Amino acid sequence: MDRRIDIAISIAFILFGIFVILEARTIKTPPFTDPIGPRGFFYACGAIFILGGIVNVAQRVRGWRLLPGHMVPAEGVADEPGHPSSFRRAALLALVSLVYVLTLRSVGYLIGTPLYIMAGLWILEQRNWLFNIAVGLVFTIFFYVLFAKGLSVWLPVGPFTQLFRDLGWIIL
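Quick caveat: nothing in here was measured; it's all calculated off a predicted structure. (Residues numbered from 1 in each chain as written. Predicted model: local features only at pLDDT ≥ 70, side-chain atom pairs only at ≥ 80, totals over all residues. Heavy atoms only, no water.)

Draft legend 1. Structural detail: the overall build of the chain. In terms of regular secondary structure, the chain is built from six helices and zero strands. In terms of principal-axis extent, the alpha carbons of the chain reach across some 70 × 50 × 25 Å. Across the 172 residues in the chain, those meeting the buried criterion constitute 24%. Residue pairs in contact within the chain that sit at least 24 positions apart in sequence constitute 60% of those at least 6 positions apart. In the form shown here, the chain has an accessible surface area of approximately 12400 Å², with 73% of it arising from carbon and sulfur atoms. (Helix = DSSP H or I, 4+ residues; strand = E, 2+ residues; numbered from the N terminus. Buried < 20%, exposed > 50% of the residue type's maximum accessible area, 1.4 Å probe, protein only. Contact = heavy atoms within 4.5 Å. Areas by Shrake-Rupley, 256 points an atom, 1.4 Å probe, with all protein chains shown as cover.)

Given below as structure tokens:
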């Protein structure tokens, strides 16, 4: 593995973090905002990109002093027997994630999220359907109650919109 490639990628992350922060500064602040404001998330993400890039560059430079030369032994661990990493699995997870994001508003969090979790577990070769359903439902209900009810974060409810309005659970 060539150390220079790691450093170049880390520098790209640092530059991307700077870009995110600079772009976040252009977000208009409404007259009434919460303490964090609409820019806070982007500032935090940009800072994480910058910090992560700096830490990785520092590690590579320190390693360069300890072990001269551009090439270093490969890092990481070998695949588990019977469970090799595969492009197909990663591509399927990316595709399922994209479908989830694109259909979340129309399908709703309460329908889309358990299906997304169950599909992800299936792709990761968790073949026990009862376990997949239980994890999907528990995760979805827990985080819906936490965010929608506890923190008053709006989550799309899709076909349940009218029912939730009638029950007074949402005001839209």
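Draft legend 2. Inspection of helix 4 (residues 109-123) at higher detail. Relative to the 21 Å expected for 15 residues at 1.5 Å per residue, helix 4 spans 20 Å between its end C-alpha atoms, a close match to the ideal helical length. Looking at helix 4, one finds that the buried residues are Tyr 109, Gly 112, Thr 113, Pro 114, Ile 117, Met 118, Gly 120, Leu 121 and Ile 123. Positive phi appears at Glu 125, one or two residues downstream of helix 4, with a value of about 70 degrees. (Expected span 1.5 Å × (residues − 1).)

Draft legend 3. Structural detail: the side chain of Thr 140. Checked against the element boundaries, Thr 140 lands in helix 5 (residues 129-150). Given a relative accessible area of 2%, Thr 140 falls into the buried group. There is a polar contact of 2.6 Å between the side chain of Thr 140 and the backbone oxygen of Gly 136. When residues no more than four places from it in sequence are discounted, the contact partners of Thr 140 are Tyr 109, Leu 110, Thr 113, Pro 114 and Ile 117. (Polar contact = N/O pair within 3.5 Å; in protein donor to acceptor, adjacent residues only side chain to side chain.)

Draft legend 4. Geometry of the packing of helix 1 (residues 3-24) against helix 2 (residues 40-66). Running from amino to carboxyl end, helix 1 crosses helix 2 at an angle of 160 degrees, the nearest separation of the two axes being 8 Å. Taken together, helix 1 and helix 2 sit at an angle that is classed as roughly antiparallel. For helix 1 against helix 2, the interelement crossing comes out left-handed. Considering only residue class, the contact of helix 1 with helix 2 consists of 18 nonpolar, six polar and four charged. (Axes fitted to C-alpha atoms, helices over the stretch in contact; angles between N-to-C directions. Parallel < 35°, antiparallel > 145°, perpendicular 65-115°, else oblique. Left-handed = near helix turned anticlockwise from the far one by under 90°. Nonpolar A, V, L, I, M, F, W, Y, C, P; charged D, E, K, R; others polar.)

Draft legend 5. Inspection of the packing of aromatic side chains at higher detail. According to the stated counting rule, one finds 10 aromatic pairs in the structure shown. A ring pair is formed by Phe 41 and Phe 42, whose centres lie 5.5 Å apart and whose planes are at 80 degrees; its orientation type is edge-to-face. Residue classification places Phe 41 among the exposed residues on the basis of a relative accessible area of 56%. Given a relative accessible area of 36%, Phe 42 falls into the partly exposed group. In textbook terms, an aromatic cluster arises when at least three aromatic residues are bridged by ring pairs, as seen for Phe 13, Phe 16, Phe 19 and Phe 49. (Phe/Tyr/Trp six-rings, centres within 6.5 Å; stacked < 30°, edge-to-face > 60°.)

Draft legend 6. Representation of the environment of Pro 38 in the model. In this structure, Pro 38 sits in the loop between helix 1 and helix 2. Each C-alpha atom, one on Pro 38 and one on Tyr 116, is 28 Å from the other, the two residues being 78 residues apart in sequence.

Draft legend 7. Inspection of the packing of helix 3 (residues 87-107) against helix 4 at higher detail. At a minimum axis distance of 9 Å, the contact between helix 3 and helix 4 shows a crossing angle of 175 degrees. As summarised for this structure, helix 3 and helix 4 are arranged roughly antiparallel, according to the angle between their axes. Contacts between helix 3 and helix 4 involve Arg 89, Leu 92, Leu 93, Val 96, Ser 97, Tyr 100, Leu 104 and Val 107 from the former and Tyr 109, Ile 111, Gly 112, Thr 113, Tyr 116, Ala 119, Gly 120 and Ile 123 from the latter. Here the contact of helix 3 with helix 4 is composed, by residue class, of 11 nonpolar, four polar and one charged.

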